[in-house]
Amino acid sequence: MRVISYNLRKHRAATELVKLVAEHDPDILCLQECDTADLPDTIGGLSLVRATSGNRLGLAMYLRSNQFRVEQVRTIGLKKSLHDRLLKPAHERVLGARLLDIDSGRGLIVASFHAAPLTALNSLRRNQIRAALDALHELGPELPVLMVGDYNYPVFKENLGQTVRDHGYRLTLSDDRTYTRYRVFRGHYDFATSSGFDISRITTLPQGTSDHRPILVTAEAT
């Protein structure tokens, strides 16, 4: 299974999506910071599962409808940062879907995630990640889970890794840094947490118009 995750930087990189799908042939596409009112129903061979609706810039997911059947979709609100409360509240920071792999008959859960911005504390983001994983677990307690997205967690990842392991999940970084806009804040921002998946690699794709680089996750449910 091939999953692309991409933060569109306030929808600026949306025009790249057709080419991105054509070049890298993902089975699932997870988006962050997309204008949910300006999304097409299809991108290449992928169909829109759902987009969040709590605020204009949100999350979306596309997939190959001839490969997966959507059984349940859930948008999840998480604890808000001060930035969220004072500016534009992000009510939905997780978009999760329980899917059925049509060929294998196996169920799985995939989610697009966007953590609180850098103005928040790492402790808040760890709280959000734990809460997101708990909520996804409720979609299918025995199913493998893959959550990809913008974790906004450039430093002290050992603390995050331990938090994720304590929850029974694995944290996997990509092969190169994913955020390059500011010299001080360069690093790995976009990665994956998973349980019940064998992630063979996460490839950081070339820079586009977003300040984030897309990542391509190659994974197989175990």
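Because the structure is predicted, anything quoted here is derived from the model rather than measured. (Residues numbered from 1 in each chain as written. Predicted model: local features only at pLDDT ≥ 70, side-chain atom pairs only at ≥ 80, totals over all residues. Heavy atoms only, no water.)

1. What about the pattern of salt bridges?
Our working definition: By definition, a salt bridge exists where a carboxyl oxygen of Asp or Glu is found within 4 Å of a side-chain nitrogen of Lys or Arg. Counting from the N terminus, the helices are DSSP H or I runs at least four residues long and the strands are E runs at least two residues long. For every residue, the accessible area (1.4 Å probe, protein chains only) is compared with the maximum for its type, and the residue is labelled buried under 20%, exposed over 50%, or partly exposed between those bounds.
In total, this model carries seven salt bridges according to the counting rule given. Note that Arg213 is salt-bridged to Asp176, the shortest N-O span being 3.2 Å. With a gap of 37 residues between them, Arg213 in the loop between β12 (197–204) and β13 (215–221) and Asp176 in the loop between β10 (170–172) and β11 (190–195) connect regions that are remote in the sequence. Residue classification places Arg213 among the buried positions, given a relative accessible area of 13%. Residue Asp176 is classed as partly exposed on the basis of its relative accessible area of 34%. The network of salt bridges with shared partners includes Asp25, Asp27 and Arg64.

2. Things to note about the packing of helix α3 (residues 122–139) against helix α4 (residues 157–166)
Defined as follows: The angle between two axes is taken between their N-to-C directions and runs from 0 to 180 degrees, where each axis is a line fitted to C-alpha atoms and a helix contributes only its stretch in contact. Throughout, the term roughly parallel applies to angles under 35 degrees, roughly antiparallel to angles over 145, roughly perpendicular to angles from 65 to 115, and oblique to all others. Throughout, a crossing is termed right-handed when the near helix is turned clockwise from the far one, and left-handed when it is turned anticlockwise from it by less than a right angle. We call two residues in contact when some of their heavy atoms are within 4.5 Å. Amino acid classes used here: Ala, Val, Leu, Ile, Met, Phe, Trp, Tyr, Cys and Pro are nonpolar; Asp, Glu, Lys and Arg are charged; the rest, including Gly, are polar.
At a minimum axis distance of 10 Å, the contact between α3 and α4 shows a crossing angle of 25°. Between α3 and α4, the crossing angle belongs to the class labelled roughly parallel. Crossing geometry of α3 relative to α4 is assigned as right-handed. Mapping the contact onto sequence places Arg126, Ile129 and Arg130 in α3 and Asn159, Leu160, Thr163 and Val164 in α4. In the contact of α3 with α4, the residues fall into three nonpolar, two polar and two charged.

3. Topic: the side chain of Thr178
The cut-off we apply is this: In the analysis that follows, any N or O atom pair within 3.5 Å is treated as a polar contact, provided that within protein one partner can donate a hydrogen and the other can accept it, and provided that, for residues neighboring in sequence, both atoms belong to side chains.
Residue position: Thr178 is located in the loop between β10 and β11. Within the structure, Thr178 has its side chain in polar contact with the side chain of Asp190 (distance 2.7 Å). Not counting chain neighbours up to four residues away, the residues in contact with Thr178 comprise Gly187, His188, Tyr189, Asp190, Thr204, Asp211, His212, Arg213 and Ile215.

4. Things to note about the sheet that holds strand β9 (residues 145–150)
The cut-off we apply is this: Here a strand pair is declared whenever DSSP counts at least two bridges between the two strands.
In space, the six strands of this open sheet follow the order β6-β7-β8-β9-β11-β10, with mixed pairing throughout. Each edge of the open sheet is held by one strand with a lone partner, namely β6 (68–76) and β10. When strand polarity is set aside, the average angle formed by the axes of neighbouring strands in this sheet is 20°. Across the face of the sheet, α4 comes into contact with β10 and β11 while running at roughly 145° to β10.

These values are about where atoms sit, not about what they do.
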